Amino acid sequence: MLINIFITLALLLLSFFGLQRLFTLPKNVWLLFLVQPLVMAASPVIVFIGGILATSMGADPALVTLPVTMMILGVASGAIPAALLAKNKGRRFATFTGFTLGFSGTLVAMFAALNAHFELLILASFLLGISTAFTQQLRFAAIESVSNRNEVPTVLSILMLSGIFSAFLGPEIAVTAKDWLSSPHGYAGSFLFLSGLFLLAMLLMLNFTNPEVTTSDNQGEARPLSEIVKQPIFIIAILSAAIGFALMSYLMTATPLSMHKLHGHSLNDTKWVIQSHIAAMFIPSLFTALLVKRIGLKNLMLAGTIIYAVLTVIALSGEQVMHYWWALILLGIGWNFLFLTGTSLLPQSYQASERHKVQAINDFIIFGFQAIASLMAGWILFKAGWHVVVLTGLPFIVILFVVSWFYFKKEREKINKTSAATDTALNAEQKREVSS
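Reading the values: the criteria
Residues numbered from 1 in each chain as written. Predicted model: local features only at pLDDT ≥ 70, side-chain atom pairs only at ≥ 80, totals over all residues. Heavy atoms only, no water. Helix = DSSP H or I, 4+ residues; strand = E, 2+ residues; numbered from the N terminus. Rg over C-alpha atoms; globule rule 2.2 N^0.38 Å. Buried < 20%, exposed > 50% of the residue type's maximum accessible area, 1.4 Å probe, protein only. Contact = heavy atoms within 4.5 Å. Areas by Shrake-Rupley, 256 points an atom, 1.4 Å probe, with all protein chains shown as cover. Lys, Arg positive; Asp, Glu negative; His and termini not counted. Charge placed at Lys NZ, Arg CZ, Asp CG, Glu CD. Axes fitted to C-alpha atoms, helices over the stretch in contact; angles between N-to-C directions. Parallel < 35°, antiparallel > 145°, perpendicular 65-115°, else oblique. Left-handed = near helix turned anticlockwise from the far one by under 90°. Nonpolar A, V, L, I, M, F, W, Y, C, P; charged D, E, K, R; others polar. Salt bridge = Lys/Arg side-chain N within 4 Å of Asp/Glu carboxyl O. Core = buried A, V, L, I, M, F, W, Y, C linked by side-chain atoms within 4.5 Å.

Draft legend 1. Geometry of the overall build of the protein chain. Looking only at helices and strands, one finds 18 helices and zero strands in the protein chain. A globule of 436 residues ought to have a C-alpha radius of gyration of about 22 Å, and the protein chain, at 22 Å, matches this closely. Oriented by its inertia axes, the alpha-carbon framework of the protein chain measures out at about 90 × 50 × 40 Å. Counting every position in the protein chain, which comprises 436 residues, the buried fraction comes to 57%. Relative to all contacts within the protein chain whose residues are 6 or more apart in sequence, the contacts with residues 24 or more apart total 84%. For the protein chain, the accessible area works out to roughly 18000 Å², and carbon and sulfur atoms hold 66% of it. Each charge class in the protein chain can be summarised by its mean position, and for the 26 positive and 19 negative side chains these summaries are 2 Å apart.

Draft legend 2. Expanded view of the environment of leucine 31. Relative to the helices and strands, leucine 31 resides in helix α2 (residues 27–40). The spatial distance from the C-alpha of leucine 31 to the C-alpha of arginine 294 is 28 Å, given a sequence separation of 263 residues. Residues contacting leucine 31, with those up to four places away along its chain left out, are Phe16, Leu204, Met205, Asn207 and Phe208.

Draft legend 3. Summary view of the packing of helix α8 (residues 152–161) against helix α15 (residues 321–345). Between α8 and α15, the shortest axis-to-axis distance is 10 Å and the interhelical angle comes to 140 degrees. Classified by the angle their axes make, α8 and α15 are oblique. The element α8 and its partner α15 pack so that their crossing is right-handed. Counted together, Pro153, Leu156, Ser157 and Met160 of α8 and Trp335, Asn336, Phe339, Leu340, Thr343 and Ser344 of α15 form the full contact between these two elements. Looking at side-chain class alone, the contact of α8 with α15 contains six nonpolar, four polar and no charged residues.

Draft legend 4. The arrangement of the pattern of salt bridges in detail. Counting across every chain of the model gives eight salt bridges. Residue lysine 178 is joined to aspartate 179 by a salt bridge in which the shortest nitrogen-to-oxygen separation is 3.6 Å. The exposed category is assigned to aspartate 179, whose relative accessible area is 57%. Lysine 410 is paired through a salt bridge with glutamate 413; the nearest N and O atoms lie 3.7 Å apart. Taken together, the residues span about one helical turn, with lysine 410 and glutamate 413 both in helix α18 (residues 394–435) at a distance of three residues. Judged by its relative accessible area of 29%, lysine 410 is partly exposed. The partly exposed category is assigned to glutamate 413, whose relative accessible area is 31%. Through salt bridges that share partners, Arg91, Glu144 and Arg355 make up one connected network.

Draft legend 5. Structural view of the nonpolar core. With 143 residues, the main nonpolar core has Phe99, Phe191, Tyr308 and Trp335 as its most contacted residues. Here the element with the most residues in this core is helix α12 (residues 232–262); it accounts for 18 residues. Apart from residues lying up to four places away in sequence, phenylalanine 99 is in contact with Val35, Val39, Ser131, Thr135, Leu138, Phe198, Ala201, Met202 and Met205. Ala82, Ala86, Ala94 and Phe134 belong to the second-largest nonpolar core, a separate cluster that totals five residues.

So this is what it looks like as structure tokens:
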């Protein structure tokens with residue numbers, strides 16, 4: 001219903017003004033909080049109806065997840081150009097470029113729906129994916145807008161929290177505007193609505209100013225990428241985010257097809273599960289900043305991994321709506337913990353002069369993994385069924401447990417070194433006092 005969309009936008013505005021009273025952060029952060037859900041709504045639309053629309057257009061069953069896969073391939077393909085454009089032209093110019101591509105993608109998607117053209121739908125999904133690569137860079141723009149590194153988890157939590165609104169906007173737009181324009185299989189009006197949100201986002205971003213990042217003279221020359229990626233902290237960060245994202249995309253992409261096409265659940269039930277999942281991806285951001293302060297990033301990563309293990313058991317227990325609902329809720333929460341951990345750790349692996357190339361390779365790896373996972377989801381689902389889709393994710397959950405153990409080990413070594421250095425300093429001080 002249209003009223004649901006207006007309520008969601010009103011709640012976004014209320015949150016925008018309410019959170020500003022609780023946290024003192026730069027204007028850029030709050031602007032990104034307001035803008036991000038408007039453009040992020042495109043991704044839930046493709047996830048929700050991409051496979052369904054592709055099936056209606058007569059696509060090969062093994063390729064019905066291709067719109068989602070092409071969107072994610074677009075994210076991976078756009079990751080490096082987005083970072084390089086931000087480096088050379090500034091965050092503001094890069095963001096407008098990304099939003100323009102997104103606006104173009106919605107118009108191509110609308111034309112594809114009007115003409116039941118599968119290949120054009122694929123092209124539109126790819127364009128929206130490239131646009132999303134620029135949107136993903138907004139989290140780094142927010143990080144660069146604050147001077148205190150200790151504020152990074154808080155900034156990321158606030159920015160991720162805004163994703164709640166895209167979780168509801170996307171599916172609601174898909175269903176509400178489905179028949180606004182006459183098309184063979186519907187949804188042309190949904191893409192027209194999305195194009196309006198991109199235009200609104202561009203108008204709001206006129207108030208964005210490029211963050212100033214200072215590079216200290218004592219940092220020396222920027223290190224080669226081969227040296228940076230060998231750091232334990234980079235390896236932990238990239239695996240936490242990449243595996244967490246890939247598994248989330250793998251199960252999320254397969255869910256609408258498994259529910260609606262294979263097991264006959266209604267479109268409204270499927271929408272409810274996907275909305276709940278995307279909301280669960282971002283609602284934990286209400287408290288993750290406090291959680292990080294209390295238990296630390298290493299425990300947050302372990303918690304996310306355990307949640308992934310639990311959802312596997314639930315997903316294997318049956319194919320009723322509540323099985324899907326609980327599994328997808330936990331999938332969203334686990335993703336939040338793992339992605340926040342990886343993104344918070346990444347700045348510890350680079351100096352200011354190295355940030356763009358490290359951010360670029362980080363997003364390229366994450367969304368490259370995600371693209372492969374989403375493509376495999378449809379193929380495995382139609383070849384072997386939902387339970388096999390779930391079971392094939394288990395080896396990666398085991399890897400996450402190993403990475404968590406490695407992270408705990410490194411943290412213990414760091415604590416031991418700090419303790420040893422403190423003891424040495426105290427002993428030296430005591431000897432000086434005795435001699436004097």
